[in-house]
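# Structure at a glance
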Amino acid sequence: MKKTLLIALVLVCMVFATQAQQRYAIIDTKYILERIPEYRDADKKLQQVGEQWQKEIDDKQVQLDKMYKNYEAEQFMLTEDLRKKREDELFVREKEIRDLQKKRFGYEGDLFKERQRLIKPVQDRVYNAVQKMALARSYDFVLDKSEGITVIFADPKLDKSDDILKELGIK
């Protein structure tokens with residue numbers, strides 16, 4: 001009797017242990033995004049805009065450097081008033097460049113806003129596809145191995161990145 005009760009108790013514990021296991025999947029959002037044509041186009045456009053803005057800043061910096069060299073060469077021949085005027089002009093130009101750099105590349109600058117406009121909709125589509133797959137397949141967790149989380153080992157059969165691409169209609 002005790003033996004039967006013990007076996008029954010072990011079986012009940014095993015059932016509860018099996019039910020308590022959590023289901024999870026691993027995806028690679030970088031892999032997914034790189035295979036979405038809209039993302040590649042948006043990323044390319046973003047790089048072009050960034051390079052254009054950086055060139056604009058670099059051109060202004062070259063002009064400022066020339067002004068500095070001219071000032072250094074002429075400063076000994078200038079009167080105190082002219083020297084002060086040139087120094088103020090150099091300071092203003094330098095501040096303009098810093099402000100432009102902050103406006104273009106700073107926190108919530110033009111590049112950030114452009115990224116939000118171009119890339120965020122694609123990222124939202126991927127997120128929605130992940131959420132839909134996770135709910136449909138009853139996953140408790142979906143881990144992203146592309147950035148930030150270090151996965152030392154992952155069974156390749158757990159990687160559901162291709163399933164997300166299929167959900168998005170991309171082969």
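Residues numbered from 1 in each chain as written. Predicted model: local features only at pLDDT ≥ 70, side-chain atom pairs only at ≥ 80, totals over all residues. Heavy atoms only, no water.

## Quick word on the overall build of the protein
Quick note on the threshold: Here a helix means four or more residues in a row that DSSP labels H or I, a strand means two or more in a row labelled E, and each is numbered from the N terminus. Burial classification: accessible surface area is computed with a 1.4 Å probe over protein chains only, and a residue below 20% of its type maximum counts as buried, one above 50% as exposed, and the rest as partly exposed. Only heavy atoms enter the contact rule, under which two residues are in contact if any of them lie within 4.5 Å. Each accessible area is a Shrake-Rupley result for a 1.4 Å probe, and residues are judged covered by the shown protein chains and nothing else.
Helix and strand content of the protein: seven helices and two strands. Counting from the amino terminus, helix and strand elements in the protein follow one another as α-β-α-α-α-α-α-β-α. Within the protein, buried positions represent 24% of all 171 residues. Within the protein, contacts between residues separated by at least 24 positions form 81% of all contacts whose residues are at least 6 apart in sequence. In the form shown here, the protein has an accessible surface area of approximately 13,200 Å², with 55% of it arising from carbon and sulfur atoms.

## As for helix H4 (residues 80-105)
Stated formally: One less than the residue count of a helix, multiplied by 1.5 Å, gives the span that helix is expected to have.
The end-to-end C-alpha distance of H4 is 37 Å, a good match for the 38 Å that 26 residues give at a rise of 1.5 Å each. For H4, the full list of buried residues reads Leu 90, Ile 97, Leu 100 and Arg 104. Those residues of H4 that are buried lie in contact with helix H3 (37-74) and helix H5 (110-118).

## Let's talk about unusual backbone geometry
One non-glycine residue, Glu 108, lies in the positive phi region at around 60°. Take Glu 108: it is sitting in the loop between H4 and H5. For Glu 108, a relative accessible area of 43% gives the class partly exposed. The phi torsion at Ser 138 lies on the positive side, around 60°, for a residue other than glycine. Here Ser 138 is to be found in the loop between helix H6 (120-136) and strand S2 (141-144).

## Quick word on the pattern of salt bridges
Condition: The term salt bridge refers to a side-chain nitrogen of Lys or Arg lying within 4 Å of a carboxyl oxygen of Asp or Glu.
Summed over the entire model, instances satisfying the criterion amount to 15 salt bridges. A salt bridge links Lys 103 to Asp 110, with the nearest nitrogen and oxygen atoms 3.9 Å apart. Under the relative-accessibility criterion, Lys 103 is labelled partly exposed at 46%. Judged by its relative accessible area of 18%, Asp 110 falls in the buried class.

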